[in-house]
Amino acid sequence: MTDDEIIDTINRALVKEFELDKKKMLSDAHLFDTLELDSLDMVDMVIVLENAFKFKITEEKEIREIRTLGDIHNFVIKKSNEIRKGS
Amino acid sequence: MTYDCAVIGAGLSGLASAIILSKNGLKTALIEKSSRTAPLVRGFKREGHYFDTGFHHAGGINEGSTGRLMLDYLGISQHLNVVSSNSNYTDMVRFRDSSFEFRFPVGIKQLKDRLEQFFPGDINFINRYINEINRQCSLLPFLNLNADIKTMNILENVHGNSLADFLSHNTDNPYLQSVLTIHSLLNGVPPGEQGLNNYAYIVGPYYESVSYIEGGGSALVAAYEKAAKENGVDIFLNREAQKLIFSSSGELKGTGFKDGAEINAKNIISTIHPSQLMNIVPENLFRPSYNKRIKTLDETPSAFILYGTSEIDLKRLIGSNLYLVPADGNNFGDFSNPIENRPINIIISNADKKENIFQCIFIMICPASINEVEQWGNSIRGKRPQGYLEFKDNICRRMLDYFVSYYPELKGKIHAVDFSTPLTLKDYSGSPFGSMYGAKHRIEQYNPFPMTSIKGLYLAGQSIVAPGLLGTLISAFLACGNILGHDYLRGALKVWNQEE
């Protein structure tokens, strides 16, 4: 999967599972201020990502630091690269 | 009617939540759909004997424990006679394939010594196991009043090792594996799905102490009710919350009933099964991902429960609590297995004399699935068809035979007085699945938190934190902590402790 494909998969999954506005799905969109998610949504975000990419997310600290949609993109791209290198 | 808070569901979590809120000056309504509070825990009488249901004994409520502190704070202990087990052991595990049996001593240090004595080849691992149980317990806020709520590692726990994996990597001894997984029956999560953290929350306090309550569940509920009244909780019985009501600006306003009556409250704690909550919340209020997660939570097993009497003194023969382990171990997740291959828990209560014949009471619990009785699922209690009654008789007879196969001296001496199936549990527990302990607290499952994304709506109950009396208490304190402030509430408990 290319980086663009990863970003597209993330955005589509989040739009569907959180009923977000497609037009607001920009990488600098703030999850809480712009996309109107809250900290409780983060668990469901982890589940959505785990299902979409078939990996397990255990990086508690990194997840807690996520603030923008771009942070999610970067997290998944980095994790996918690590998995690819590891396999 | 206008209240500061409403609590939906008057089980033990609901009663505890309502008392905490009322005690702290918030006008609180407690709403229950049944005609009595905590119907599952009240027990029943048959043939002159009292049988407990739902509550039998509890870990972590002995003198000096956090659980007891909570019961003291709620004003419940003063109405109860809590009897902490002072015998040398509480639980006995007996194995099918040999004469091997293990008796759990009271106290975690004593358990460590006993394990080392029985399993001298596994001393290093036993040490590690006990340390890990202690460590996990120290991390749970309200079990440890000084633990930091913000540092709980949710993701690490969800994807952590299973108890079965942890044991199989560290010991080859099947008896040790069974002894250290047998209490999985107490939270209804098979060892292969049981996370170490959740297991620790159950066994940590339980290894330390096991307490009984004089008068059983019936006395326990009576004490909760007294404390609720003393603290000014308004209890509404025969009232089923049909919907949550929101203002035009989307703020939580209260809850409404079938007859159109409403209770206004800006804070609501729901203690009903999370999947049932979704039926009273307007559809679009939670995000689709949360809706899906809550509706598809994996459930703990239901049970076949035999209520019996024995002409032989089981207390003397066995003790208070017995676990029968089948030849292939403790795993109880596969219900295509016949009942004879499932682990069974037998709770033995005090003997009494009836018509000059010595009789001892026992309750035998065999994990089961609602699917095993689903063909009769639409029938009504008291009017079930003949096929169901025959099925029940058959399982009941086999459970007695199962008991006798481990203790041949009981042949002809034990008798069934009553028998319940998952359909019975479904009627009494409020769980659509007849599950004993609500949603499973297992690895790879994210249970709902006490707080929700709806401002003012909080959750408590066994699906949220853990089952058991202690689980319901911690869950109530966590839910109320969101309204009153966690630091404030934990501080109040600490101060209470010092003053008492």
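Thresholds, definitions, all that
Residues numbered from 1 in each chain as written. Chains lettered and ligands numbered in written order. Predicted model: local features only at pLDDT ≥ 70, side-chain atom pairs only at ≥ 80, totals over all residues. Heavy atoms only, no water. Contact = heavy atoms within 4.5 Å. Buried area = accessible area lost by both parts, 1.4 Å probe. Salt bridge = Lys/Arg side-chain N within 4 Å of Asp/Glu carboxyl O. Helix = DSSP H or I, 4+ residues; strand = E, 2+ residues; numbered from the N terminus. Nonpolar A, V, L, I, M, F, W, Y, C, P; charged D, E, K, R; others polar. Buried < 20%, exposed > 50% of the residue type's maximum accessible area, 1.4 Å probe, protein only. Pairing = 2+ DSSP bridges.

1. Here we look at the interface of chain A and chain B
By convention, interface size is frequently given as the accessible area that disappears when the constituent parts associate. Each partner contributes to the interface: chain A provides 24 residues, whereas chain B provides 19 residues. The junction of chain A with chain B conceals about 1,800 Å² of combined surface from both sides, 55% of it contributed by carbon and sulfur atoms. Linking chain A with chain B are four salt bridges. One salt bridge in this structure joins Arg293(B) and Asp44(A), with 2.7 Å as the shortest N-O distance. The dominant element in the side of chain A that touches chain B, judged by the number of residues it contributes, is helix 2 (residues 41-53) of chain A, at seven residues. Residue classes in the side of chain A that touches chain B are distributed as eleven nonpolar, one polar and twelve charged.

2. Looking at helix 2 (residues 66-73) of chain B
All names here are of chain B. Burial runs high along helix 2: seven of the eight residues are buried. Within the span of helix 2, buried status applies to Thr66, Gly67, Arg68, Leu69, Met70, Leu71 and Tyr73. At its buried positions, helix 2 is contacted by helix 1 (12-23), strand 6 (82-84), helix 9 (216-230), helix 15 (468-484) and helix 16 (486-499). Phi turns positive, to about 80°, at Gly75, one or two residues after helix 2.

3. So, the environment of Pro408(B)
Examined against the element boundaries, Pro408(B) turns out to sit in the loop between helix 13 (386-406) and strand 18 (414-420). For the pair Pro408(B) and Val203(B), spaced 205 residues apart in the sequence, the C-alpha separation amounts to 31 Å.

4. Some remarks on the pairing of strand 12 (residues 252-256) of chain B
Residue and element names in this part refer to chain B. With four of five residues buried, strand 12 lies mostly within the body of the structure. In the sheet, strand 11 (residues 243-246) pairs with strand 12 via four bridges, with the strands oriented antiparallel. By the bridge assignment, Leu244 is partnered in strand 12 with Thr255. Joining the antiparallel neighbours strand 11 and strand 12 is a turn of five residues, in which Gly250 adopts a positive phi near 90°. Sheet topology note: the strand 12/strand 13 (residues 262-270) ladder contains three bridges and is antiparallel. Across the sheet, residue Gly254 finds its bridge partner in strand 13, namely Asn264. The hairpin formed by strand 12 and strand 13 contains five residues between the paired strands, and Gly260 there has a positive phi angle of roughly 95°.

5. Some points on the environment of Val43(A)
Counting through the fold element by element, Val43(A) comes out in helix 2. We classify Val43(A) as buried; its relative accessible area is 8%. Between the C-alpha atom of Val43(A) and that of Ile63(A), which follows or precedes it by 20 residues, the distance is 9.4 Å. In contact with Val43(A), not counting residues within four places along its chain, are Arg293(B), Tyr446(B) and Phe449(B).

6. Some points on the sheet that holds strand 9 (residues 210-213) of chain B
Strands in a sheet are paired, the pairing made by backbone hydrogen bonds, and the direction either parallel or antiparallel. All names here are of chain B. Spatially, three strands are ordered 5-9-6 in an open sheet, and the strand pairing comes out antiparallel. The two strands at the open ends of the sheet, each matched to only one other strand, are strand 5 (58-59) and strand 6. In the sheet, strand 5 pairs with strand 9 via two bridges, with the strands oriented antiparallel. Looking at strand 9, one finds that Ala58 is bridged to Ser211.

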